[in-house]
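Descriptive structure summary
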Amino acid sequence: MTELTITRPDDWHIHLRDGEQLKDTVRDVSRYMGRAIIMPNLVPPVTNTEEALGYHQRIMEQQPQGNFDPLMVLYLTDKTSPDEIKKAKATGKIYAAKLYPAGATTNSDSGVTSIKNIYPVLEAMQEAGMLLLIHGEVTDSEIDIFDREKTFIDNILKDVVADFPELKIVLEHITTKDAAEFVASAGDNVAATITAHHLLFNRNHMLAGGIRPHYYCLPILKRNIHQEALIKAATSGSPKFFLGTDSAPHMKHAKEAACGCAGSYTAHAAIELYAETFEAAGALDKLEAFASLNGPDFYGLPRNSDTITLVKESWDVPASYPLGDDQVVPIRAGETISWKVK
Ligand SMILES: NC(=O)N[C@@H](CC(=O)O)C(=O)O
Ligand SMILES: [Zn+2]
Ligand SMILES: [Zn+2]
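Residues numbered from 1 in each chain as written. Chains lettered and ligands numbered in written order. Predicted model: local features only at pLDDT ≥ 70, side-chain atom pairs only at ≥ 80, totals over all residues. Heavy atoms only, no water.

Test applied: UniProt positions are given in the numbering used here, feature names are shortened, and annotations may be inferred rather than shown by experiment.
For the protein chain, an unreviewed UniProt entry supplies the name Dihydroorotase and the organism Neptuniibacter caesariensis. The UniProt entry for the protein chain carries this comment under Catalytic activity (unreviewed entry): "(S)-dihydroorotate + H2O = N-carbamoyl-L-aspartate + H(+)". Per UniProt, the protein chain has the following entry under Function (unreviewed entry): "Catalyzes the reversible cyclization of carbamoyl aspartate to dihydroorotate."

See the structure below:
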């Protein structure tokens with residue numbers, strides 16, 4: 001196949017950052033994504049309705065045509081109130097709240113220190129029909145970093161799913177066979193996003209023959225049996241799995257450092273990178289469901305009504321892109337990508 005037309009996709013997990021960087025991140029995501037779920041881990045984080053609406057406004061100011069729809073998310077803390085959930089929901093612009101276990105990932109220090117602290121909030125979310133998005137990793141220093149997602153599922157997520165049977169939950173950026181199996185066997189109210197980089201790479205790509213900091217993201221890349229399970233889940237046609245790039249820009253010097261930040265940038269070529277994986281798996285016919293249909297269906301939103309067309313045409317990825325007054329090194333920097341959006 002050399003050309004593929006699909007319903008316009010959405011990105012159900014992206015980091016746009018703020019300030020000087022916004023113009024660059026919004027330009028990339030709005031090239032063909034209809035909507036995106038905007039992660040709230042700014043500094044300081046987006047913890048209430050006013051901040052989310054202010055951030056929404058700043059994103060909208062970056063797009064003259066106004067054809068991109070940012071869907072806002074609240075950052076849950078130990079202090080989030082059930083009333084804040086009702087208030088956020090009533091705006092019609094805030095679709096979800098995000099659980100970051102405190103310390104689990106980039107800018108998560110104000111996150112939740114114990115799941116029980118937010119049980120009243122989860123109750124309010126279940127009632128209001130607001131989705132719970134989860135960075136699913138435990139933070140205990142004695143748990144191996146490669147096991148933190150599985151331990152989160154076993155020790156925390158199973159209870160949340162059992163205690164809130166009507167709450168819609170998205171386990172974000174899943175990275176393990178265990179997560180794929182858990183989501184597949186849970187009820188219809190549980191789904192997962194999968195990134196392009198977790199479909200394309202395993203930990204050998206990051207660590208064999210030299211350490212590659214731009215592949216370092218959280219949850220960390222796992223061994224290839226997990227990569228294979230994610231490919232199987234994404235291309236299975238199951239409505240529980242959908243596109244969430246977790247494109248997470250960091251300045252070049254903050255990645256190429258003695259203690260580098262977690263996050264990989266893929267918004268320059270999101271659907272193109274997914275197309276490569278689906279093609280390699282012989283499943284290009286499943287790309288549209290994953291990228292454009294399953295996400296809105298799960299969120300209870302209409303599917304986009306127009307289309308985009310991908311063509312099989314190789315192009316060179318630059319060594320870096322501008323990011324505010326600095327640079328970001330994207331995935332595939334200095335290499336080629338075999339699909340292009342017309
Ligand atoms: N994925 C990452 O490694 N980093 C994300 C945070 C996140 O999504 O966990 C970031 O904000 O940089
Ligand atoms: Zn995360
Ligand atoms: Zn993320």
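**Comments concerning the packing of helix H3 (residues 82-90) against helix H4 (residues 119-128)**
Two numbers describe a pair of packed helices, the interaxial angle and the distance between the axes. To keep things clear, this is the line we draw: Axes here refer to lines fitted to C-alpha atoms; in helices the fit is confined to the stretch in contact. Angles between the N-to-C directions go from 0 to 180 degrees. In this text, helices come from DSSP runs of H or I with a minimum length of four residues, and strands from runs of E with a minimum of two, each type numbered from the N-terminal end. Working definition: roughly parallel below 35 degrees, roughly antiparallel above 145 degrees, roughly perpendicular at 65 to 115 degrees, and oblique for all remaining angles. In this scheme the crossing of two helices becomes right-handed for a clockwise turn of the near helix relative to the far one and left-handed for an anticlockwise turn of less than a right angle. Any pair of residues with heavy atoms lying within 4.5 Å of one another is described as a contacting pair. When residues are sorted by character, Ala, Val, Leu, Ile, Met, Phe, Trp, Tyr, Cys and Pro go into the nonpolar class, Asp, Glu, Lys and Arg into the charged class, and all the rest, Gly among them, into the polar class.
For the pair H3 and H4, interaxial distance at closest approach is 8 Å and the crossing angle is 30°. Considering the angle they form, H3 stands roughly parallel to H4. Note that H3 runs across H4; the crossing there is right-handed. Contacts between H3 and H4 pair Pro82, Ile85 and Lys89 from the former with Pro120, Val121, Ala124, Met125 and Ala128 from the latter. Across the contact of H3 with H4, the residue classes break down as seven nonpolar, no polar and one charged.

**What about the coordination of the zinc ion (ligand 3)?**
The following threshold applies: Each metal site lists N, O and S donors within 2.8 Å (3.2 Å for Na, K and Ca). With water left out of the atoms, a site can look as if it is missing ligands. We call a residue buried when its accessible area falls under 20% of the maximum for its residue type, exposed when it is over 50%, and partly exposed in between, using a 1.4 Å probe and counting protein chains only.
Coordination of the zinc ion (ligand 3) by the protein is provided by His13 (NE2), His15 (NE2) and Asp246 (OD), with metal-donor distances spanning 2.0 Å. Read from N- to C-terminus, the donor residues coordinating the zinc ion (ligand 3) fall into the pattern H-x1-H-x230-D. In this structure, the zinc ion (ligand 3) lies 3.9 Å from the zinc ion (ligand 2). You can see histidine 13 sitting in strand S2 (residues 11-14) and its partner aspartate 246 sitting in the loop between strand S9 (241-243) and helix H10 (252-255), a full 233 residues away along the chain. Considered together, histidine 13 and aspartate 246 belong to a single accessibility category, that of buried residues.

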